[in-house]
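Per-entry structural report
The primary structure of each chain is shown beneath.
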Amino acid sequence: AQTVTQSQPEMSVQEAETVTLSCTYDTSESDYYLFWYKQPPSRQMILVIRQEAYKQQNATENRFSVNFQKAAKSFSLKISDSQLGDAAMYFCARCTSGTYKYIFGTGTRLKVLA
Amino acid sequence: KAGVTQTPRYLIKTRGQQVTLSCSPISGHRSVSWYQQTPGQGLQFLFEYFSETQRNKGNFPGRFSGRQFSNSRSEMNVSTLELGDSALYLCASSLYGVNTEAFFGQGTRLTVV
């Protein structure tokens, strides 16, 4: 089965500190995309960061960066200088190139402590 | 630029009824996909449409159906509602041809009683 696994149901981080959310996935495909989405209480899913599997360089978006280990099928998200507004559910997702069929992980609830 | 619009935001239906949910994608986006989100099963792919054609379908019973219109707006229908169909239904639109992100709407919260 082509699954996405997030082993941390909940994480806490102190404001201004750094936190890493884990994600592993299973696929037999060579061309795919990986995503981290954020879902705040408003329910709307917001893209945090995207990684093309064919790119070896890890994606970064301001305070957000990933550690993409293709051979290990691992895709972790690092949030630096955590802010109260970062508190949300974070979902890791994978989709095959050429489709928009996302396979999501079960999510990690991130709490940011003031 | 307006985002993805889903209507209605909340819906309460009785077992056995049917329901239709609507999704208006971002202008210019031709791909629309639907997801069901529940506490137990998480986010599950329902189906994806592009140019009025269903391109992918998830593992849901035939009671779940959808369609896309020529203006890219999409509807999903659930017939003979069951209690287990209570969920948040999310729609996402994408600019087909460029593997960028899917833009999600705020969802329709369906409660079946």
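Overview of the structure. The residue numbers shown here count from 1 along each chain, following its written sequence. All chains are assigned letters beginning at A, and all ligands numbers beginning at 1, according to the order in which they are written. Local features in this predicted model are restricted to residues whose pLDDT is 70 or higher, and side-chain atom pairs enter the listing and the counts only when it is 80 or higher, whereas totals over whole chains, interfaces and linings include all residues. As a convention, hydrogens and water are excluded, and side-chain values are obtained from all of the structure's heavy atoms.

Secondary structure is summarised from DSSP: a helix means a run of H or I of at least four residues, a strand means a run of E of at least two, and numbering begins at the N terminus for each. Helix and strand counts for chain A stand at zero helices and twelve strands. Starting at the N terminus, the α and β elements of chain A follow one another as β-β-β-β-β-β-β-β-β-β-β-β. Considered along the principal axes of its C-alpha atoms, chain A spans approximately 40 × 25 × 20 Å. For the exposure calls, accessible area comes from a 1.4 Å probe over protein chains only, and a residue counts as buried if that area is under 20% of its type's maximum, exposed if over 50%, partly exposed in between. Within chain A, the proportion of its 114 residues that are buried is 48%. Any two residues whose heavy atoms approach within 4.5 Å are treated as being in contact. Of the contacts formed within chain A by residues at least 6 apart in sequence, a portion of 54% connects residues at least 24 apart. Residue exposure ignores everything except the shown protein chains as possible cover, and the areas themselves are Shrake-Rupley values with a 1.4 Å probe. Carbon and sulfur atoms make up 46% of the accessible area of chain A, which totals about 5,400 Å². Only four residue types enter the charge count, namely Lys and Arg as positive and Asp and Glu as negative; His and the chain termini do not. Charged groups are reduced to one reference atom each: NZ for lysine, CZ for arginine, CG for aspartic acid, CD for glutamic acid. Averaging the locations of the 12 positively and 10 negatively charged side chains of chain A gives two centres separated by 5 Å.

Turning to the overall build of chain B, a few remarks are in order. Looking only at helices and strands, chain B has zero helices and eleven strands in total. The order of α-helices and β-strands along chain B, N terminus first, is β-β-β-β-β-β-β-β-β-β-β. Radius of gyration (C-alpha) of chain B: 13 Å, near the 13 Å computed for a compact globule of 113 residues. Put simply, chain B has 113 residues, and 50% of those count as buried. With the model as given, the accessible surface of chain B reaches about 5,200 Å², and the carbon-plus-sulfur share is 48%. Here the globule rule reads 2.2 Å times residues to the power 0.38, and the radius of gyration is calculated from C-alpha atoms.

Take a side-chain nitrogen of Lys or Arg and a carboxyl oxygen of Asp or Glu: if they are within 4 Å of each other, that pair is a salt bridge. The full count for this structure, using the stated rule, is eleven salt bridges over all chains. Linking A:Arg63 and A:Asp86 is a salt bridge whose minimum nitrogen-to-oxygen distance equals 2.8 Å. You can see A:Arg63 sitting in the loop between β7 (60–61) and β8 (64–69) and its partner A:Asp86 sitting in the loop between β9 (74–79) and β10 (88–96), a full 23 residues away along the chain. Overall, the relative accessible area of 18% leaves A:Arg63 in the buried class. Close ionic contact of B:Glu75 with B:Arg67 constitutes a salt bridge, the shortest N to O distance being 3.3 Å. Each of A:Arg50, A:Glu52 and B:Glu101 takes part in one network of salt bridges that share partners.

All names here are of chain B. Note: two strands are recorded as paired if DSSP finds a minimum of 2 bridges between them. Judged from the four bridges that link them, strand β5 (residues 42–50) and strand β6 (residues 53–57) form a sheet pairing that is antiparallel. Residue pairing in the sheet places Phe-47 in a bridge with Lys-57 of β6. Between the antiparallel neighbours β5 and β6 lie two residues, among them Ser-51 with a positive phi of about 45 degrees.

Each partner contributes residues to the interface: chain B has 29 residues there, and chain A has 19 residues. Reported buried area values correspond to the accessible surface (1.4 Å probe) lost by two parts on association, with both partners' losses combined. Of the roughly 2,000 Å² buried where chain B meets chain A, counting both sides, 50% is carbon and sulfur surface. Remark: the boundary between chain B and chain A carries one salt bridge. For A:Arg50, the salt bridge goes to B:Glu101, with nearest N and O atoms at 3.8 Å. Contacts described as polar in this section are N or O atom pairs within 3.5 Å, which, within protein, must combine one atom able to donate a hydrogen with one able to accept it, while residues neighboring in sequence count only if both atoms come from side chains. Put simply, chain B and chain A have eleven residue pairs in polar contact (both at pLDDT 80 or more) between them. For the side of chain B that touches chain A, the element with the highest residue contribution is strand β4 (residues 31–38) of chain B, accounting for four residues. Split into classes, the residues belonging to the side of chain B that touches chain A amount to eleven nonpolar, twelve polar and six charged. Just so you know the grouping, Ala, Val, Leu, Ile, Met, Phe, Trp, Tyr, Cys and Pro go in nonpolar, Asp, Glu, Lys and Arg go in charged, and all remaining residues, Gly too, go in polar.

A word on the environment of B:Ser94. Along the chain, B:Ser94 turns up in strand β9 (residues 87–94). B:Ser94 sits 40 residues away from B:Gln54 along the chain, and the two C-alpha atoms are 14 Å apart. Ignoring sequence-local partners within four residues, the contact set of B:Ser94 consists of A:Tyr100, B:His29, B:Arg30, B:Ser31, B:Glu101 and B:Ala102.

The next subject is unusual backbone geometry. The linkage connecting B:Thr7 with the following residue, B:Pro8, adopts the cis geometry, with an omega of -10 degrees. One non-glycine residue with positive phi stands out, namely A:Arg43, at about 85 degrees. Within the secondary structure, A:Arg43 is located in the loop between β5 (32–39) and β6 (46–52). Its relative accessible area of 9% is what places A:Arg43 among the buried residues. Residues other than glycine seldom take positive phi values, yet B:Thr80 does so here, at roughly 45 degrees. Along the chain, B:Thr80 turns up in the loop between β8 (74–78) and β9. A relative accessible area of 47% means that B:Thr80 is categorised as partly exposed.

By themselves these figures say nothing about function.
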